[in-house]
Amino acid sequence: DMGLGKTVQVLAHLQRLHVLDRETPRRPSLVVAPRSLIYNWLAEAARFTPKLRVLDYTGAQRGDRLHDVTDCDVVVTTYGTVRRDITDLREMEFDHVILDEAQAIKNPSAQSSKACRLLHGRRRIALSGTPVENDASELWSIFEFLNPRMLGSRREFQNLIRADGE
């Protein structure tokens, strides 16, 4: 649901890990969000977790910042940027890969969905106030990102929900 503080909750979680485990070298966490929410993520991070080093990996000059990714705690980018830069991003190891408005990957055949599934993170989080916009089959793509094969193949899941609805 909107306004529940999902952004702040995730930032608090990342801050807690950052503070509690200073001995272990941490990888950056990657936040993927719609373009319209990038400013919100940057502003909320500055306000609530100012000690986290946050990198805005968007825009035409982002390639110049690619080498800065490993020196950050949180990298904030867009679905479009992930789609365009997947060749570089898939080579990186992230602590968390966080999808905000995860329903953006509801179409498993879309290039953004495929790109997000190629990202490497020790943990994956999908945030959404509306995980299902049209029908239950949209959940498959989000779960395929979170825990591949948990719901079986796309066809198996579609057959399951079709059989359950009969």
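Rules used throughout
Note that residues are indexed from 1 along each chain, following the sequence as it is written. It should be noted that, the model being predicted, local features are given only for residues of pLDDT at least 70 and side-chain atom pairs only at 80 or more, the latter also being counted only at that level, while totals for whole chains, interfaces and linings use all residues. In computing side-chain values, all of the structure's heavy atoms are included and hydrogens and water are not. By convention in these notes, a salt bridge is any Lys or Arg side-chain nitrogen within 4 Å of a carboxyl oxygen on Asp or Glu. Strands here are runs of E lasting at least two residues and helices are runs of H or I lasting at least four, both read from the DSSP assignment and numbered beginning at the N terminus. Think of it in three bands: with a 1.4 Å probe and only protein chains considered, a residue is buried below 20% of the maximum accessible area for its type, exposed above 50%, and partly exposed in between. Angles here are taken between N-to-C directions and fall from 0 to 180 degrees, while the axes themselves are lines fitted to C-alpha atoms, restricted in helices to the stretch in contact. Here the angle decides the label: under 35 degrees means roughly parallel, over 145 means roughly antiparallel, 65 to 115 means roughly perpendicular, and every other value means oblique. Less than a right angle of anticlockwise turn of the near helix away from the far helix marks a crossing as left-handed, whereas a clockwise turn marks it as right-handed. For this analysis, residues touch if any pair of their heavy atoms sits within 4.5 Å. When residues are sorted by character, Ala, Val, Leu, Ile, Met, Phe, Trp, Tyr, Cys and Pro go into the nonpolar class, Asp, Glu, Lys and Arg into the charged class, and all the rest, Gly among them, into the polar class. For two strands to be treated as a pair, DSSP must find at least two bridges joining them.

Colleague: Give a detailed account of the pattern of salt bridges, specifying residues and quantitative values.
Modeller: For the structure on display, the rule yields five salt bridges. Asp85 is paired through a salt bridge with Arg62; the nearest N and O atoms lie 2.6 Å apart. Separated by 23 residues along the polypeptide, Asp85 in helix H3 (residues 79-89) and Arg62 in the loop between strand S2 (54-56) and strand S3 (74-78) bring together distant segments of the chain. Summarising the burial analysis for this pair, Asp85 and Arg62 share the class buried. A salt bridge links Glu138 to Lys106; the nearest nitrogen and oxygen atoms lie 3.9 Å apart. Of the two residues, Glu138 is situated in helix H5 (residues 138-146) and Lys106 in the loop between strand S4 (93-99) and helix H4 (111-118); the sequence distance between them amounts to 32 residues. Several salt bridges share partner residues, and in doing so they unite Asp95, Arg122 and Arg123 into one network.

Colleague: Would you mind going over the packing of H4 against H5 in detail, with residue names and values included?
Modeller: The N-to-C vectors of H4 and H5 enclose an angle of 25°; their axes lie 9 Å apart at closest approach. By the angle between their axes, H4 is roughly parallel relative to H5. Here H4 runs over H5; the crossing is left-handed. When H4 is examined against H5, the residues Ser113, Cys116 and Arg117 are found in contact with a partner set consisting of Ser141, Glu144 and Phe145. Among the residues making up the contact of H4 with H5, the classes are represented as two nonpolar, two polar and two charged.

Colleague: Before we move on, can you summarise the sheet that holds S4 with the specific residues and values?
Modeller: The sheet built from five strands is open, its strands ordered S2-S3-S1-S4-S5 with parallel pairing. Looking at the sheet topology across the chains shown, the edges are occupied by S2 and strand S5 (120-126). Within this sheet the neighbouring strands show an average axis-to-axis angle of 20°, counted without direction. Running at roughly 160° to S4, helix H1 (residues 6-20) makes contact with strand S1 (29-33), S3 and S4 of the sheet. With respect to the sheet, H5 is in contact with S4 and S5, its orientation differing from that of S5 by roughly 145°.

Colleague: For the pairing of S1, give the residues involved together with the corresponding values.
Modeller: For S1, the buried fraction is high: five of the five residues fall into the buried class. Alternating positions in S1 separate into two faces, Ser29, Val31 and Ala33 on one and Leu30 and Val32 on the other, with burial throughout. Note: S1 against S3, five bridges, orientation parallel. Note that in S3 the partner of Ala33 across the bridge is Thr78. Judged from the three bridges that link them, S1 and S4 form a sheet pairing that is parallel. Note on S4: the bridge partner recorded for Val32 is Leu99.

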